[in-house]
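# Observations on the model geometry
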Amino acid sequence: MGGVIGIILLAIYTALGSVNWGICAIGILAICVALSLIWYYFVKWVRKSISIKKEMEMWLKDAVMITAYSTKIKETNTAVYERLFGDAPEYRISIGFKYNGVHYKYKSSVDNCWGKFCDKEIDILYSSRFREVILLKPE
């Protein structure tokens, strides 16, 4: 909305002779490019959100609840880093469980959300078809 108003104002000032036509054209082009980029990334974000939701729905179709044990593998952003930058520590965990007599072990990415799962017995949903582990929020 603001970009459209900006384009209209630039057109009016150009018509009145207050602004050089070349500068006006560059301004309108810059506004159009900025609006296009904002729209592109918004649509991309919405599509990604929908795609992730559909993927998770597929995983949940054959998921079974299993009790697993999580182990902290790595912690970064230790106390010194936390004092300097104010960020919470980030963790990487390993989830181990048995399913149909076979022992499985999965490793997570590094993130600060794994802290509440470290070194605990937890409930998970496991999709054997897609080989995905979904951690359930601890109570």
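Structure report, in brief.

Reading guide: rules and limits
- Residues numbered from 1 in each chain as written.
- Predicted model: local features only at pLDDT ≥ 70, side-chain atom pairs only at ≥ 80, totals over all residues.
- Heavy atoms only, no water.
- Core = buried A, V, L, I, M, F, W, Y, C linked by side-chain atoms within 4.5 Å.
- Buried < 20%, exposed > 50% of the residue type's maximum accessible area, 1.4 Å probe, protein only.
- Helix = DSSP H or I, 4+ residues; strand = E, 2+ residues; numbered from the N terminus.
- Contact = heavy atoms within 4.5 Å.
- Pairing = 2+ DSSP bridges.
- Phe/Tyr/Trp six-rings, centres within 6.5 Å; stacked < 30°, edge-to-face > 60°.
- Axes fitted to C-alpha atoms, helices over the stretch in contact; angles between N-to-C directions.
- Patch = residues over 30% accessible without salt bridge, like charges linked within 9 Å, V, L, I, M, F, W, Y side chains within 5 Å.
- Areas by Shrake-Rupley, 256 points an atom, 1.4 Å probe, with all protein chains shown as cover.
- Salt bridge = Lys/Arg side-chain N within 4 Å of Asp/Glu carboxyl O.

With that settled, consider the nonpolar core. Counting 14 residues, the largest nonpolar core has Ile 66, Ile 93, Ile 95, Phe 97, Ile 124, Tyr 126 and Val 133 as the members making the most contacts within it. Looking at this core, the elements that each hand over two or more residues are strand S1 (63-76), strand S2 (90-99) and strand S4 (121-127). For this core, the leading source of residues is S2, giving five residues. The contact partners of Tyr 126, leaving out residues within four places of it in the chain, are Asp 62, Ala 63, Val 64, Ile 66, Phe 97, Tyr 99, Tyr 104, Tyr 106, Arg 131, Glu 132 and Val 133.

Where S1 and S4 come together, seven bridges link them in antiparallel fashion. Within S4, the residue paired with Val 64 across the bridge is Tyr 126.

This brings us to the packing of aromatic side chains. Counted by the stated rule, this structure contains ten aromatic pairs. A ring pair is formed by Phe 97 and Tyr 106, whose centres lie 6.1 Å apart and whose planes are at 5°; its orientation type is stacked. Ring-pair connections join several aromatic residues into one group, and the members of that group are Phe 97, Tyr 99, Tyr 104, Tyr 106 and Tyr 126.

On to the side chain of Ser 94. Relative to the elements of secondary structure, Ser 94 occurs in strand S2. Judged by relative accessible area, which is 6%, Ser 94 ranks as buried. Excluding residues that lie within four positions of it along the chain, Ser 94 makes contacts with Tyr 69, Ser 70, Thr 71, Ile 73, Lys 105, Tyr 106 and Lys 107.

The strands making up a sheet are joined through hydrogen bonds of the backbone, oriented either antiparallel or parallel. Spatial strand order, S3-S2-S1-S4-S5: five strands in an open sheet with antiparallel pairing. Because the sheet does not close on itself, it has two edges, and the strands there are strand S3 (102-107) and strand S5 (132-135). Sheet twist, expressed as the mean angle between neighbouring strand axes with direction ignored, is 35°. Of the pairings in the sheet, the one linking S1 to S2 comprises seven bridges and is antiparallel in character. Opposite Lys 72, over in S2, you have Ile 93 as the bridge partner.

Judged by side-chain polarity, Ile 5, Ile 8, Leu 9, Ile 12, Tyr 13 and Leu 16 come together as a nonpolar surface patch covering roughly 590 Å² of accessible area. Among the secondary structure elements, Leu 16 is positioned in helix H1 (residues 2-16). Classification of Leu 16 as exposed rests on a relative accessible area of 65%.

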